[in-house]
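Residue-level listing of the chains:
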Amino acid sequence: MNESQVSEEALEAALAAGSRPPVGRYRLDLTTGHWAWSDEIFEMHGFAPGEIVPTTELMLTHKHPDDRERVDSVLKRAARTGQPFSSVHRIVDGHGKVRTLAVTGQGRRDPDSGEVTELFGYFIDVTDAHRELAQREATVSIQASAERRASIEQAKGVLMVGLGLEPDDAFDRLRVASNLTNVPVRELATWLVEWFARPGMTTFPTTDELTAFLDAPVPAPVEDEPAAETPAAG
């Protein structure tokens, strides 16, 4: 997951978490540039409540360099339009720690002039939820990679036994067949293993059969679901 992009999954995960994520309220007076932060937002940025005077410049300084321009653009657009907005971005807090915050808000207009004079909303610290989501995605990716490697190793084993090859030579046969047939190695390996383990296979394939398969590999056919029995007429 690219952390610089809005992560709705991370926000939803944080809000659904068993322990309530840190949530802080803010208000920005556009006529004076004055920010009002609740205690939670000071803490999200690594400061004690009231320890610093929040300003737009200070906030942008703490934004992660890769996210700073995008966040600045979001704030300027919100100040111009007053429309509801949301963003997920990284900051570097006062202790040098990278955290991931979600910010939501909207504008308030002056009833007489119609100008947007205030932005208000919430900051939500989604650091933990974002990290857990990334870890889950990484785990899924690792598991998928392991499964692909397993099918390749199994296919190599079949070729080593059937063709009398060394491990590297067996992989080379898979790679050559992949290039000739334009089928990815991992997919070709899966097809070979499924073909080798297909129902009714009672003897190890011959050299000629293995060679023929590598020359023209096909996926294992999907067996039809057994037809449901038709109830007897009463």
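Everything below is about the structure printed above this text.
In this report, we go over the structure that sits alongside the text. As the structure is a computational prediction, the values presented were derived from the model and not from experiment.

### Re the pattern of salt bridges
Consideration 1: Scanning the model with the defined rule gives eight salt bridges in all.
Consideration 2: The salt bridge involving Asp67 is made with Arg70; its shortest N-O contact spans 3.9 Å. Pair noted here: Asp67 and Arg70 are both in helix α4 (residues 65-81), with a separation of three residues, about one helical turn.
Consideration 3: The buried category is assigned to Asp67, whose relative accessible area is 0%.
Consideration 4: With relative accessibility at 26%, the residue Arg70 sits in the partly exposed group.
Consideration 5: Its salt-bridge partner being Glu153, residue Lys156 comes within 3.4 Å of it at the nearest N-O pair. Linking Lys156 with Glu153, this pair stays in helix α5 (residues 127-163), spanning three residues, or about one helical turn.
Consideration 6: On the basis of relative accessibility, which here comes to 12%, the residue Lys156 falls in the buried class.
Consideration 7: Each of Arg27, Arg108 and Glu118 takes part in one network of salt bridges that share partners.

### A look at α4
Consideration 1: Compared with an ideal rise of 1.5 Å per residue, which puts 17 residues at 24 Å, α4 spans 25 Å between its outermost C-alpha atoms and is within 8% of the ideal.
Consideration 2: Every buried residue of α4 is listed here: Asp67, Val71, Val74, Leu75 and Ala78. Along the axis of α4, the buried positions cluster into a sector of 95°, meaning they face one direction only. With respect to the buried face of α4, the exposed residues turned more than 90 degrees away are Pro65, Glu69, Lys76 and Arg80.
Consideration 3: Remark: Gly82 follows α4 within two positions and exhibits a positive phi of approximately 75°.

### So, the environment of Met160
Consideration 1: Looking at the element boundaries, Met160 is found in helix α5.
Consideration 2: Expressed as a C-alpha distance, the spacing of Met160 and Ala170, which sit 10 residues apart in the sequence, is 5.9 Å.
Consideration 3: Look past the residues within four positions of Met160 in its chain and what remains in contact with it is Leu165, Glu166, Pro167 and Ala170.

### Observations concerning the side chain of Asp93
Consideration 1: Looking at where Asp93 falls in the secondary structure, it is placed in the loop between β3 (85-92) and β4 (98-109).
Consideration 2: For the buried Asp93, no salt bridge exists, and the shortest N-O distance to an oppositely charged side chain is 4.9 Å, to Arg99.
Consideration 3: There is a polar contact of 2.8 Å between the side chain of Asp93 and the backbone nitrogen of His95.
Consideration 4: The contact partners of Asp93, leaving out residues within four places of it in the chain, are Met44, His45, Gly46, His62 and Arg99.

### Some remarks on the environment of Leu174
Consideration 1: Position of Leu174 among the secondary structure elements: in helix α6 (residues 167-181).
Consideration 2: Exposure remark for Leu174: the relative accessible area of 0% places this residue in the buried category.
Consideration 3: The residues touching Leu174, leaving out its near neighbours within four places in the chain, are Ile152, Ala155, Lys156, Leu159, Val185, Leu188, Leu192 and Leu214.

### Concerning the pairing of strand β5 (residues 116-125)
Consideration 1: Of all 10 residues in β5, seven are buried, a share of seventy percent or more.
Consideration 2: One ladder, built from seven bridges, connects strand β1 (residues 23-29) with β5; its direction is antiparallel. Within β5, the residue paired with Arg25 across the bridge is Tyr122.
Consideration 3: As judged from the nine bridges shared by β4 and β5, these two strands associate in the antiparallel manner. When the sheet's bridge partners are listed, Val103 is paired in β5 with Phe123.
Consideration 4: Taking the residues that link successive antiparallel strands as the turn, the β4-β5 hairpin has six residues, and the phi of Gly114 there is positive, at about 80°.

### Concerning the sheet that holds β4
Consideration 1: With antiparallel pairing, the five strands of this open sheet are ordered in space as β2-β1-β5-β4-β3. Unpaired on one side and paired on the other, β2 (34-37) and β3 mark the two borders of the sheet. The mean inter-strand angle of the sheet, taken between neighbouring strand axes irrespective of direction, is 25°.
Consideration 2: Most of the contacts of α4 go to β3, to which it runs at about 145°, and overall it touches β3, β4 and β5.

The rules behind the values
Residues numbered from 1 in each chain as written. Predicted model: local features only at pLDDT ≥ 70, side-chain atom pairs only at ≥ 80, totals over all residues. Heavy atoms only, no water. Salt bridge = Lys/Arg side-chain N within 4 Å of Asp/Glu carboxyl O. Helix = DSSP H or I, 4+ residues; strand = E, 2+ residues; numbered from the N terminus. Buried < 20%, exposed > 50% of the residue type's maximum accessible area, 1.4 Å probe, protein only. Expected span 1.5 Å × (residues − 1). Arc of directions from axis to C-beta. Contact = heavy atoms within 4.5 Å. Lys, Arg positive; Asp, Glu negative; His and termini not counted. Polar contact = N/O pair within 3.5 Å; in protein donor to acceptor, adjacent residues only side chain to side chain. Pairing = 2+ DSSP bridges. Axes fitted to C-alpha atoms, helices over the stretch in contact; angles between N-to-C directions.

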